[in-house]
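Residues per chain are reported as follows:
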Amino acid sequence: MANKAAPDAPPGSAGGTPTRRYSERSRQAIFEAALALVGEVGYEKLTIEGIAARAGVGKQTIYRWWPSKAAVLLDAFGSAADAYEHEGLPDTGDLAADLKVVLRATVDEFNDAAWQAPYRALVAAGTNDEELSRSFVGRLMEPGIRLYVERLRAAREAGELDPDVDLRIGAEMLLSPFSQRWLMRTGELTHAFVDTLVDQVLRGLRRRD
């Protein structure tokens, strides 16, 4: 999201003026309202009017910043992801440990009922809406995949991984089983699961001298 903004503060803006501080409070209220409502009523029944009423703002405030309810939801989830993307994955020199730390934290997030309901609603809506699905992938999934690709790249450059390993496929080997288990509920999403996942994936990616 853009950091430069007009004084009435579109999504992602920051600043010390009273108007901007007020707008930031409104933005957070809108995000919280959108996430709560979509978890309660589902994506199809979610409306801008409903979000505005829950957030205590006028619907024109929302339309000034976002063109649709999908855009509101994507930014609501993306606002947290933006900070994470800026920081990158940890790099302590121990690839397995770093991946386990991040994936354990992701397990806790995905198992949080307050977060899980709206995210599932958005994913479900995307299965029948190609435009929403593409926006979801571009706004939320791709930035996360890139973080894993870059951490694997650093490990490959350090000689930890096979020099011929496909970094994108390596990242997807870590993330796809995680997503499958959570989305389809094929098993419990636990710390033990992601620890085993990391160990088995890295067994196939590591350098063999």
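To be clear, the structure that these remarks concern was listed above.
Notes on the structure follow. Sequence positions are assigned chain by chain, starting from 1 and proceeding in written order. Predicted model: local features are reported for residues with pLDDT of at least 70 only, side-chain atom pairs are reported and counted for 80 or more only, and whole-chain, interface and lining totals are derived from all residues. The basis for every side-chain value is the complete set of heavy atoms in the structure, and neither hydrogens nor water enter the calculation.

Attention now moves to the packing of helix α7 (residues 130-157) against helix α8 (residues 167-184). Axes are the key here: two packed helices are described by the angle between their axes and the distance separating the axes. Here an angle of 0 to 180 degrees is reported between the N-to-C directions of two axes, which are lines fitted to C-alpha atoms, with helices fitted over the stretch in contact. Elements are defined by DSSP. Helices are runs of H or I of four residues or more, strands are runs of E of two residues or more, and each kind is numbered from the N terminus. Two elements in contact, α7 and α8, have axes separated by 8 Å at closest approach and are oriented at 120°. Crossing handedness for the pair α7 and α8: right-handed. Note on element contacts: α8 touches α7 through Leu 167, Arg 168, Gly 170, Ala 171, Leu 174 and Leu 175, opposite Glu 142, Ile 145, Tyr 148, Val 149, Leu 152, Arg 153 and Arg 156. By residue class, the composition of the contact of α7 with α8 is eight nonpolar, one polar and four charged. Note on convention: near helix rotated counterclockwise from far helix by under a right angle means a left-handed crossing. Clockwise means right-handed. Contacts were defined at the residue level, with two residues in contact if any of their heavy atoms lie within 4.5 Å. Under this grouping Gly is polar, as are all residues other than the nonpolar Ala, Val, Leu, Ile, Met, Phe, Trp, Tyr, Cys and Pro and the charged Asp, Glu, Lys and Arg.

As a further point, take the pattern of salt bridges. One side-chain nitrogen of Lys or Arg within 4 Å of one carboxyl oxygen of Asp or Glu is enough to make a salt bridge. Counted under the stated rule, the structure contains 13 salt bridges. Of the charged contacts, one joins Glu 40 and Arg 54 as a salt bridge, the two residues approaching to 2.9 Å between their closest N and O atoms. Of this pair, Glu 40 sits in helix α1 (residues 18-41) while Arg 54 sits in helix α2 (residues 48-55), and the two are 14 residues apart along the sequence. Accessibility here uses a 1.4 Å probe with only protein chains present; expressed as a share of the type maximum, an area under 20% marks a residue as buried, one over 50% as exposed, and anything in between as partly exposed. Given the relative accessible area of 42%, Arg 54 is considered partly exposed.

Residues other than glycine seldom take positive phi values, yet Arg 185 does so here, at roughly 55°. Accessibility expressed as a relative area gives 59% for Arg 185, which makes it exposed.

Let us look at the packing of α8 against helix α9 (residues 191-205). Here α8 crosses α9 at 150°, and the two axes come no closer than 10 Å. With respect to their mutual orientation, α8 and α9 come out roughly antiparallel. Relative to α9, the crossing made by α8 is right-handed. Contact residues: α8 offers Gly 170, Met 173, Leu 174, Pro 177, Phe 178 and Arg 181, while α9 offers Phe 193, Val 194, Leu 197, Val 198, Val 201 and Leu 205. For the contact of α8 with α9, the class distribution of residues is 10 nonpolar, one polar and one charged. Oblique is the label for any angle not under 35 degrees, not over 145, and not in the 65 to 115 range, which are roughly parallel, roughly antiparallel and roughly perpendicular in turn.

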